[in-house]
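So the chains spell out like this:
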Amino acid sequence: NSPDIFQIINSDIFNLSKWENDPAELVFMDPPYFSNFFSKTLEKLIDLNALIPGAIIILEASYKEKIGKIKFFEELLIKKIGKSLIIFLKYSPSLK
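About the cut-offs
Residues numbered from 1 in each chain as written. Predicted model: local features only at pLDDT ≥ 70, side-chain atom pairs only at ≥ 80, totals over all residues. Heavy atoms only, no water. Pairing = 2+ DSSP bridges. Helix = DSSP H or I, 4+ residues; strand = E, 2+ residues; numbered from the N terminus. Axes fitted to C-alpha atoms, helices over the stretch in contact; angles between N-to-C directions. Buried < 20%, exposed > 50% of the residue type's maximum accessible area, 1.4 Å probe, protein only. Arc of directions from axis to C-beta. Contact = heavy atoms within 4.5 Å. Phe/Tyr/Trp six-rings, centres within 6.5 Å; stacked < 30°, edge-to-face > 60°.

### Remarks on the sheet that holds strand S3 (residues 73-81)
For step 1, the next point in the chain: Read across the sheet, four strands follow the order S1-S2-S4-S3 without closing on themselves; strand pairing throughout is mixed. Of all strands in the sheet, those with a lone pairing partner are strand S1 (24-29) and S3, marking the two edges. For this sheet the average axis-to-axis angle between neighbouring strands, irrespective of direction, equals 15 degrees.
For step 2, the next point in the chain: In terms of strand pairing, S3 meets strand S4 (residues 84-91) through eight bridges, oriented antiparallel. By the bridge assignment, Glu74 is partnered in S4 with Lys90.

Right, here's the structure in full:
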C-alpha cells in the first residue's frame with residue numbers, strides 16, 4: 001500500500017478547487033447511470049490539471065446510455081458486459 005505507486009481518491013471531484021496530487025495516469029470512474037457525470041467529471045479533471053497527456057480513463061456506464069464524442073478524449077475500446085459498458089478513453093489534449 002504505497003502512495004508512491006497509486007492513490008485512491010474516493011470523493012466528489014466537484015468539491016475540489018485545487019488538485020494537490022500528481023497528475024493521474026489512470027482513472028477509474030463509475031458514476032451513477034444516466035447522470036451524465038462522466039463528461040462533467042472529465043472536464044473538471046482537465047480544469048484541475050489532474051491528468052497527464054495520454055492518461056487512460058476506464059469508465060463504467062449503462063449499455064443504454066448514449067455516449068457521444070468527448071472533447072480531448074480518444075475512444076480506445078468499448079466492451080459490453082451484461083448491462084454495463086466498460087469504456088476505455090485516452091486523454092489527448094491536442095484533440096478538439
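### Some remarks on the environment of Ala61
For step 1, the next point in the chain: One can find Ala61 in strand S2 (residues 51-62).
For step 2, the next point in the chain: Taking relative accessible area as the criterion, Ala61 reaches 1% and is therefore assigned buried.
For step 3, the next point in the chain: As a C-alpha pair, Ala61 and Tyr33 span 28 residues in sequence and 5.8 Å in three-dimensional space.

### Focus on helix H1 (residues 37-47)
For step 1, the next point in the chain: Buried within H1 are the following residues: Phe38, Ser39, Thr41, Leu42 and Leu45. Viewed end-on, H1 has its buried residues packed into an arc of 165 degrees, placing them on one side of the element.
For step 2, the next point in the chain: Packing partners of the buried residues in H1 comprise S1, S2, S3 and S4.

### Observations regarding the packing of aromatic side chains
The geometry of two aromatic rings is summed up by the distance between their centres and the angle between their planes.
For step 1, the next point in the chain: Scanning all chains against the criterion turns up two aromatic pairs.
For step 2, the next point in the chain: Considering the side-chain rings of Phe14 and Phe37, the 6.3 Å spacing of their centres and the 55 degrees angle between planes classify their relative orientation as tilted. Here Phe37 lies in helix H1 and Phe14 lies in the segment before S1, a separation of 23 residues in the sequence.
For step 3, the next point in the chain: Note on Phe14: relative accessible area 38%, which makes it partly exposed.
For step 4, the next point in the chain: Since its relative accessible area comes to 36%, Phe37 is described here as partly exposed.
For step 5, the next point in the chain: Centre to centre, the rings of Phe73 and Tyr91 are 5.3 Å apart; their planes meet at 40 degrees, and the pair counts as tilted. Remark: Tyr91 occurs in strand S4 and Phe73 occurs in strand S3; sequence separation between them is 18 residues.
For step 6, the next point in the chain: Judged by its relative accessible area of 3%, Phe73 is buried.
For step 7, the next point in the chain: A relative accessible area of 10% means that Tyr91 is categorised as buried.

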